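# An overview of the molecular structure
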Amino acid sequence: MPANKKLLVLPGDGIGPEVMGEVRRVMDWMAVRRAISFDLTEGLVGGAAIDSTGSPCPDATVAAARRADAVLFGSVGGPKWDKLPFDQRPELGILRLRKDLGLFANLRPAIVLEPLAEAPALRAELVRGLDIMIVRESTGGIYFGEPRGISPNAQGRRVGVDTEVYSEDEIARVARVAFDLARKRRNKVTSVDKANVMQSGRLWRTVVGEVHAADYADVELENMYADNCAMQLASRPRQFDVILGSNLFGDLLSDLAAALTGSLGMLPSATLGGLQPGGKRHALYEPIHGSAPDIAGRGIANPCAQILSFAMLLRHSFGMEEDAKLIETAIERVLASGLRTADIMQPGRARVGTAVMGEAVLRELEKLAA
Ligand code: IPM
Ligand code: MG
């Protein structure tokens, strides 16, 4: 294996650095046991970047992300930076990376692993075996549309404005990602919109239908209003395979889907850009859980989502299916052995912290590789 896989690691804030530390141990293990090494750079993002450079996403971080083959992102934000002006907040770290690198397709799996299906908070009969992939558009829509802002109207009263705007090309390219993924899964895409209310939603539905008819007629396409999708997710989640939605609907529905799995601390995500000339595709991988400031620094955070984000990186950016699978299997075995971090604790299981969980993953990797 060549050693020139360029990786940018951005631990960020809160539990980000702690869980990233466990990924570093997995990387060290891979270097020793599988002779796979990475050309690793670490950078600043979010509150950590604000503290040392004044910006949540310094130019140096964006430049390093452009040079890298893949970015492994931790999480950003925390109470320390809550009072900053709107245009300086830590969340801009991730939003700018998505926008500047053109990372338009955000892939968010919601999977219930068998050892966790009996968690008390879940209705096992509803979610056992759940395996949904949400494809969220992530560089357009109301997150970035203009005009936006707060300004006075003719009566001097403040008016807040955001704009939901989608071009047909933005819709078509993310729809293709969803259809391509569906072909490798259970061959069904549910596209969500509010075509009954919104003009951008009407166009969304039309364009998804055109892409489907032209190139993906073999995939089952279902259109659903976003509010109905929320209800269906909560009541009959296993009907879904791939769910395709705008930036905002994808944001909301992916949190709902994650909650269904009962284990936010287990879920990774990938955000992919288009193919560049030369065959490279920018990509960023991050856990869904965010910075969890309430438990940061206590050594109790679940490192699994960050480690699984690294597995997704191996699969999608480097085509290393075997290594990705190895890591995923190791984590399933750790769970099957009964170890649990606080977020996924079940009666009768052994509660452990971040480092012990990480060590257990290494132990299982060692057994699998033997
Ligand atoms: C997410 C988060 C972000 C978003 C925030 C942190 C800006 O909620 O990745 O889902 O809204 O996209
Ligand atoms: Mg969100």
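What you are looking at is a predicted structure, and each value in this text was computed from that prediction instead of being measured.

## Remarks on the packing of helix α10 (residues 304-318) against helix α11 (residues 321-336)
Two elements in contact, α10 and α11, have axes separated by 7 Å at closest approach and are oriented at 160°. Considering the angle they form, α10 stands roughly antiparallel to α11. When you trace α10 past α11, the crossing you get is left-handed. Residue-level inspection shows C304, I307, L308, F310, A311, L314 and R315 of α10 in contact with α11, the latter providing E321, D323, A324, K325, I327, E328 and I331. Split into classes, the residues belonging to the contact of α10 with α11 amount to nine nonpolar, no polar and five charged.

## What about the packing of helix α3 (residues 59-67) against helix α4 (residues 92-100)?
At a closest axis distance of 11 Å, the pairing of α3 and α4 adopts a crossing angle of 45°. By the criterion of interaxial angle, the relationship of α3 to α4 is oblique. For α3 against α4, the interelement crossing comes out right-handed. Across the interface between the two elements, D59, V62, A65 and R66 from α3 touch R96, L97 and D100 from α4.

## As for α3
The complete set of buried residues in α3 reads T61, V62, A64 and A65. Projected down its long axis, α3 shows its buried positions confined to an angular sector of 165°, all on one face. Opposite the buried face of α3, by more than 90 degrees, sit the exposed residues D59, A60 and R67. For α3, the elements touching its buried residues are β1 (5-12), β3 (70-75), α4 and β12 (281-287).

## What to know about the domain arrangement of the protein
Segmentation of the protein into domains returns domain 1 (1-104 + 290-370) and domain 2 (120-261). The centre of domain 1, based on its C-alpha atoms, is set 26 Å off from the matching centre of domain 2. Domain 1 puts nine residues into the contact, and the matching count from domain 2 is eleven residues. Buried area between domain 1 and domain 2, both sides added, is near 900 Å², and the carbon and sulfur share of it is 69%. Three residues stand out in domain 1 for area buried against domain 2, namely R98, K99 and F104, and they jointly supply 65% of the buried area on that side. In this structure, the connection of domain 1 to domain 2 is made through zero salt bridges. One can count three residue pairs in polar contact (both at pLDDT 80 or more) joining domain 1 with domain 2.

## Brief notes about the site of ligand 1
The environment of ligand 1 is made up of E91, R98, R108, R136, Y143 and D251. R108 places a polar side-chain atom, nitrogen or oxygen, 2.7 Å from an oxygen atom of ligand 1. Considering ligand 1 on its own, with 320 Å² of exposed area, one finds that the protein chains cover 70% of that surface. Broken down by class, the residue content of the shell around ligand 1 amounts to one nonpolar, no polar and five charged.

What counts, and at which threshold
Residues numbered from 1 in each chain as written. Chains lettered and ligands numbered in written order. Predicted model: local features only at pLDDT ≥ 70, side-chain atom pairs only at ≥ 80, totals over all residues. Heavy atoms only, no water. Axes fitted to C-alpha atoms, helices over the stretch in contact; angles between N-to-C directions. Helix = DSSP H or I, 4+ residues; strand = E, 2+ residues; numbered from the N terminus. Parallel < 35°, antiparallel > 145°, perpendicular 65-115°, else oblique. Left-handed = near helix turned anticlockwise from the far one by under 90°. Contact = heavy atoms within 4.5 Å. Nonpolar A, V, L, I, M, F, W, Y, C, P; charged D, E, K, R; others polar. Buried < 20%, exposed > 50% of the residue type's maximum accessible area, 1.4 Å probe, protein only. Arc of directions from axis to C-beta. Domains from an automatic or database assignment. Buried area = accessible area lost by both parts, 1.4 Å probe. Salt bridge = Lys/Arg side-chain N within 4 Å of Asp/Glu carboxyl O. Polar contact = N/O pair within 3.5 Å; in protein donor to acceptor, adjacent residues only side chain to side chain. Near = heavy atom within 4 Å. Areas by Shrake-Rupley, 256 points an atom, 1.4 Å probe, with all protein chains shown as cover.

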